[in-house]
Amino acid sequence: METPKIADTKCKSINLEPDVYFFCACGRSADGVYCDGSHEGTGLRPKKCRIDEPKNISYCMCKQSKSFPYCDGEHNQLNK
Ligand code: FES
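About the cut-offs
Residues numbered from 1 in each chain as written. Predicted model: local features only at pLDDT ≥ 70, side-chain atom pairs only at ≥ 80, totals over all residues. Heavy atoms only, no water. Helix = DSSP H or I, 4+ residues; strand = E, 2+ residues; numbered from the N terminus. Polar contact = N/O pair within 3.5 Å; in protein donor to acceptor, adjacent residues only side chain to side chain. Contact = heavy atoms within 4.5 Å. Core = buried A, V, L, I, M, F, W, Y, C linked by side-chain atoms within 4.5 Å. Buried < 20%, exposed > 50% of the residue type's maximum accessible area, 1.4 Å probe, protein only.

J.: How should the side chain of serine 65 be read in this particular structure?
T.: With respect to the helices and strands, serine 65 occurs in the loop between strand S4 (55-59) and helix H1 (75-78). A polar contact of 2.9 Å, which involves the side chain of serine 65, links it to the backbone nitrogen of serine 67. From its side chain, serine 65 meets the backbone nitrogen of phenylalanine 68 in a polar contact 3.4 Å long. Apart from the residues within four sequence positions on either side, serine 65 is in contact with Cys60, Tyr70, Cys71, Asp72 and Glu74.

Below you can see the structure in the form of structure tokens.
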């Protein structure tokens, strides 16, 4: 299995409506947020999340968060 690519070294604020989302955990999707199938062949899979109410989240773009898809500040270690 390959390791996730770092889509960005800072988190991204995104607004979500109630729905089921497949977030890109491999870092290879075009926008770095939503799975577009680019993980194929890597052994990595998207993170499925059900959102029950509208909310704004800090989305982990570095793919290193232990709380993925939510940013836990891990990107600060990459910026050192
Ligand atoms: S494209 Fe990254 S997990 Fe699917």
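J.: Got a minute to help me understand the nonpolar core in this structure?
T.: Taken as a class, soluble globular proteins show a tendency for nonpolar side chains to be buried jointly. Core analysis: the biggest nonpolar cluster contains 17 residues, and Ile14, Leu16, Phe23, Val33, Tyr59 and Phe68 have the highest contact counts within it. Mapped by element, the contributors of at least two residues to this core are strand S1 (12-16), strand S2 (19-23), strand S3 (47-51) and S4. When neighbours within four sequence positions are excluded, phenylalanine 68 is seen to be in contact with Phe23, Cys24, Ala25, Lys47, Tyr59, Cys60 and Lys63.

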